[in-house]
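# A structural walkthrough
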Amino acid sequence: MKTKWLVLVLGLVLLLSACSSSKGGTGSSSPSPSGSAGSDAGTSPSAGGSAAVGEASLVVGQDTDASTLDPQKQGKMPDMNILSNMFDTLVTRDADNKLAPALATEWKAIDDHTWQFKLRQGVKFHDGESFNANVVKYSIDRLKDPATASPIVELNSVKEVDVVDDYTVNFVTNAPDPILPNKLTLFGGVMVPPNYIKEKGDEYFASHPVGTGPFKFVSWTKDNKVEMEANADYWRGAPKIKKLTFRIIPNAADMVAALRAGEVDIAATGINADVANQLKNDSSVNIVTSPWIRTFYISLNTSEEHLAKKEVRQAMNYAIDVKSIIDSVLGGKASRVSTLIPKQNFGYDANIAPYDYDPAKAKQLLADAGYPNGFTISMDADNTNASYVQIIAAQLGQVGIKVNVNLMDSKTFTANIVAGKASPMYYQGNTGWTMDALSNFQSYIKSDRKYNRWKNADADKLIDQEEQSIDPQVRQQAFTKLQQLLKEEAPFVYLYQLDSYYGMTKRVSWTPNSIGLLWMYNASVN
C-alpha cells in the first residue's frame, strides 16, 4: 500500500515540480502584511529586459520582488535579501552563526531592562551623512512610530532609546528582553538616514534608498529588477562585486532556464531535489545545498469541530510519513523536526523525539475521537508548495481524512492568514531568524498573539517565562516544557526543516548562510 501511493504521488510531484518553487521565497518570520506599497511605478531608467552578466557583476534571481525599499516598512525575507545589501544592522552573525559586531561594536545588559550598545565610528551613509547615536535613536523612534505603520514586531519590547554619548546608546525595554541583540541582526536592526528622510520624505526614500551597506542603490524596476553598485567607501572595505542586480523571476522553469543561459549567476529559488538532479551533469552550473533554519508545519485551527479533539490532531501527526517525504521527494535534503524549532536555534531539545509514522495508531485515535470513517476538511497552501501539500493530503487520505487542498498565490495566502480567513489547516514555513526559539513561538503559541489558533494556559505561562527571563537556564527549561506540551497537545502537524538549494554558475564563489539571507558582500566571480 505504501509503495502504491508513493508511486502515485511522486508522479504528481514530477508534474508539479516543473511549475513550483522549492525554496519558499517568502521566508517571513511570521505571516505579515507586505507593508507599504512602495514605488509601484518603478524608478529605473532602463526598465525591462534582463541584466547582463559581466566581469565583476553578479545577477541574483529570486521569485519575489521587494514590497518596498524602505527597510522599516517591510517584514519579509525577499525584501530583506535585497535591502541587506544596501543597509547595515547594528548586530550581525558570523560564519558560525554567532552574534558578531556590525554597526555596533559591543553590547551588554546593564540591568534587566537596559541593553547598552557601543557604536562603530567613521561610518557614513551613501549620501555622506554620518552614523552615530542620534541615528540609532531616530531609526528606532521611526520604526516604533505608529505613523510608520511598520510590520516589524520584534522590537515591541523597546520603550525608548537613550543617547549616552555620540557613540553609545541604551535600549530601555518595558520588560526584560533576553534576545534584544539577536533581534537587531535583521529587520528592526536596520539603521536609516535621518537627514535624508527628513529632506526627501518617506515616499521618496521608499523608492530611492540610502543606507550604509556595501552596495548603493541605482534603480528599481518593480517586479523586474533592482540594480546596485559597489560602495567603494564601505567600512568593511569595498566589495569585490562592482555591479549587483536582483532579478525577479517568479516562475521556477524560467529561473532554471535563466541559470542555464547564464542570465543569472545565482538562482536562489526554483531549485529543488528534482531540478538539482536534472542539472547535475550541466557543465556550467553548480548545485549548492546548505543547512537552513526554515521549518515547515501545518497549522491547525483547534476551534474547528474535528480539530478541537486532541486525538484527531495526534492522529494527523501519526498519519504522515515525514521520513519518506524527506527521502523520496526532498532528496534527503531536510531534517525531521519534533515541534516548531530547528536544531540550530537556542531552545531546541534533542531529547524530544518526533512522532513515529504509525497509520494504524492514527486510525485508532480517529475512532476514539468518534470518527471511525474519517471526515473531510480543507487545507490552504501557497501554490509554490503544491507538490508537498498534495503528498500530505494523500497520506491523510490513507487513514480516512479527506483533505480538500486550496492552492493560491503567496499574497492571497498570507492575506487570508492575517485576516483570520484561512482554512482549518494551512501549510506554512517559518524562519526563526533570531536563531532563538522565541521567534519560532512568538506569533503562534500564546493565546493573545496574532496567529494563535490554540488556547492553553500552561503554554501561556511558559511563553512568559522564556520571553521575560534573561537567565539561559530558565529559558531552556521553559522551552523544553513547551516542546513537550506541543508534542502532546499537537496543535500543529510537525514536518521538517529544509536545506536550501541554490543553482550557481561556475564562475561564482559565494557561501550561503543558515538564515537564507542573500547578502552578497563576500561574493566574487572569476
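Residues numbered from 1 in each chain as written. Predicted model: local features only at pLDDT ≥ 70, side-chain atom pairs only at ≥ 80, totals over all residues. Heavy atoms only, no water.

### Points about the sheet that holds strand E5 (residues 114-119)
In plain terms, the rule: A pair of strands is considered paired only if DSSP assigns at least 2 bridges between the two. In this text, helices come from DSSP runs of H or I with a minimum length of four residues, and strands from runs of E with a minimum of two, each type numbered from the N-terminal end. Under this scheme, a helix contributes an axis fitted over its contacting stretch, all axes are lines through C-alpha atoms, and angles between N-to-C directions fall in the 0 to 180 degree range. We call two residues contacting when some pair of their heavy atoms lies within 4.5 Å.
Spatially, E4-E5-E7-E6 is the arrangement adopted by the four strands of the open sheet, whose pairing is antiparallel. Edge positions in the sheet fall to strand E4 (104-111) and strand E6 (158-165), since each of these pairs with one other strand and no more. In this sheet, neighbouring strand axes are inclined to one another by 20 degrees on average, regardless of whether the strands run parallel or antiparallel. Relative to the sheet, helix H3 (residues 133-144) contacts E5, E6 and strand E7 (168-173), its axis offset from that of E6 by approximately 170 degrees.

### Examining the pattern of salt bridges
A side chain with one charge may pair with a side chain of the opposite charge, provided their charged atoms come close. Selection criterion: By convention in these notes, a salt bridge is any Lys or Arg side-chain nitrogen within 4 Å of a carboxyl oxygen on Asp or Glu.
Evaluation of the coordinates by the stated rule reveals 19 salt bridges. A salt bridge links glutamate 488 to lysine 310; the shortest N-O distance between them is 2.8 Å. Of this pair, glutamate 488 sits in helix H16 (residues 472-489) while lysine 310 sits in helix H9 (residues 310-319), placing them 178 residues apart in sequence. Among the ionic contacts, a cluster of salt bridges with common partners joins Asp70, Lys73, Arg142 and Asp202.

### Re the packing of helix H10 (residues 322-329) against helix H12 (residues 386-397)
How we decide: Note on angle classes: values under 35 degrees are labelled roughly parallel, values over 145 roughly antiparallel, values of 65 to 115 roughly perpendicular, and the remainder oblique. With the far helix as reference, a near helix turned anticlockwise by less than a right angle produces a left-handed crossing, and one turned clockwise produces a right-handed crossing. Each residue gets one of three labels, nonpolar for Ala, Val, Leu, Ile, Met, Phe, Trp, Tyr, Cys and Pro, charged for Asp, Glu, Lys and Arg, and polar for the others, Gly among them.
As a packed pair, H10 and H12 sit with axes 11 Å apart at the nearest point and diverge in direction by 140 degrees. Comparing their axes, H12 and H10 come out oblique. Here H10 and H12 pass one another in a crossing that is right-handed. Contacts between H10 and H12 involve Ser324, Ile325 and Val329 from the first element and Tyr388, Ile391, Ile392 and Gln395 from the second. The residue inventory of the contact of H10 with H12, partitioned by class, reads five nonpolar, two polar and no charged.

### Digging into the packing of H9 against helix H11 (residues 359-368)
Between H9 and H11, whose axes approach to 8 Å, the crossing angle comes to 165 degrees. What the angle tells us is that H9 and H11 run roughly antiparallel. Pair H9 / H11 crosses with left-handed handedness. Here H9 contributes Glu311, Val312, Gln314, Ala315, Tyr318 and Ala319 to the contact with H11, which in turn contributes Pro359, Lys361, Ala362, Leu365 and Leu366. In the contact of H9 with H11, the residues fall into eight nonpolar, one polar and two charged.

### Some remarks on the packing of aromatic side chains
Put simply, the rule reads: A pair of aromatic rings is counted whenever rings of Phe, Tyr or Trp (Trp by its six-membered ring) have centres within 6.5 Å, and the orientation is called stacked for planes under 30 degrees apart, edge-to-face for over 60 and tilted otherwise. Exposure classes here rest on a 1.4 Å probe applied to the protein chains alone. A residue is buried below 20% of its type maximum, exposed above 50%, and partly exposed in between. A ring has a charge above it when a Lys NZ or an Arg CZ is no more than 6 Å from the ring centre and no more than 35 degrees off the ring normal.
Tallied over the entire structure, the rule returns 21 aromatic pairs. Geometrically, the ring pair formed by phenylalanine 492 and tyrosine 494 is tilted, given 6.3 Å between the ring centres and 45 degrees between the ring planes. As far as burial versus exposure is concerned, phenylalanine 492 and tyrosine 494 are alike and both buried. Of the aromatic side chains, those joined through ring pairs into one cluster are Tyr297, Tyr444, Tyr451, Phe492 and Tyr494. The ring of tyrosine 204 carries the charged tip of lysine 200 above its face, separated from the ring centre by 5.5 Å. The lysine or arginine in question, lysine 487, covers the ring of tyrosine 355, its NZ or CZ lying 5.7 Å from the ring centre.

### Digging into unusual backbone geometry
Of note in the backbone geometry, methionine 435 takes a positive phi value of approximately 60 degrees without being a glycine. Taking relative accessible area as the criterion, methionine 435 reaches 6% and is therefore assigned buried. The residue alanine 490 is not glycine, and still its phi comes out positive at about 50 degrees. By the secondary structure assignment, alanine 490 is in the loop between H16 and strand E17 (492-505).

### Description of the pairing of strand E1 (residues 57-62)
When you tally the buried positions in E1, you get six out of six residues, the bulk of the element. Where E1 lies against strand E10 (residues 243-248), six bridges are found, and the strand directions are parallel. Counted as the bridge partner of glutamine 62 is isoleucine 248 from E10. As judged from the two bridges shared by E1 and strand E11 (residues 266-267), these two strands associate in the parallel manner. When the bridges of E11 are listed, glycine 61 appears paired with alanine 267.

### Considerations on the confidence of the model for the protein chain
Heads up, the rule is: Here pLDDT means the predictor's own confidence in every residue, given as a number from 0 to 100.
Put simply, the protein chain has an average pLDDT of 89, and 90% of its residues get 70 or more. Of the regions scoring below 50 in pLDDT, residues 1-54 engages in 139 contacts with residues more than four places distant in sequence or in other chains.

### Re the side chain of threonine 480
Under the convention used in this document: The definition of a polar contact used here is a pair of N or O atoms within 3.5 Å, where within protein one atom must be able to donate a hydrogen and the other to accept one, and adjacent residues in sequence count solely through side-chain atom pairs.
Summarising the element assignment, threonine 480 is placed in helix H16. Looking at threonine 480, its side chain comes within polar contact range of the side chain of aspartate 349, at 2.9 Å. When near neighbours in sequence (up to four residues on either side) are disregarded, threonine 480 contacts Asp349 and Ile352.

### A word on the environment of threonine 64
Relative to the helices and strands, threonine 64 is located in the loop between E1 and helix H2 (77-83). Assessed through its relative accessible area of 25%, threonine 64 is described here as partly exposed. For threonine 64 and threonine 269, which are 205 residues apart along the polypeptide, the C-alpha to C-alpha distance reads 9.2 Å. Side chain to side chain, threonine 64 and aspartate 63 meet in a polar contact 3.0 Å long.

### Considerations on H3
Test applied: In this scheme, a helix's expected span is set at 1.5 Å multiplied by one less than its residue total.
Over its 12 residues, H3 extends 17 Å from the first C-alpha to the last, a length consistent with the 16 Å expected when each residue adds 1.5 Å. Inspection of H3 places Ala133, Val135, Val136, Tyr138, Ser139, Ile140, Arg142 and Leu143 among the buried residues, and these make up the whole buried set. In this structure, the buried residues of H3 make contact with E5, E6, E7, helix H5 (194-200) and helix H6 (202-205).

### Some words on the environment of alanine 362
Turning to its location among the elements, alanine 362 is positioned in helix H11. The exposure class assigned to alanine 362 is buried, which follows from its relative accessible area of 0%. Put simply, alanine 362 and leucine 396 are 34 residues apart on the chain and 9.4 Å apart in space, counted from C-alpha to C-alpha. Apart from the residues lying within four places of it in its own chain, the contact partners of alanine 362 are Ala315, Tyr318, Ala319 and Val399.

### Points about the nonpolar core
Heads up, the condition is: Definition used in this section: a nonpolar core is a set of buried Ala, Val, Leu, Ile, Met, Phe, Trp, Tyr and Cys residues joined via side-chain atoms within 4.5 Å.
By size, the foremost hydrophobic cluster in this structure holds 69 residues, and its most contacted members are Ile298, Tyr427, Ile445 and Tyr496. Judged by nonpolar contacts, the second largest core, of 67 residues, contains Met80, Val123, Val192 and Ala523.

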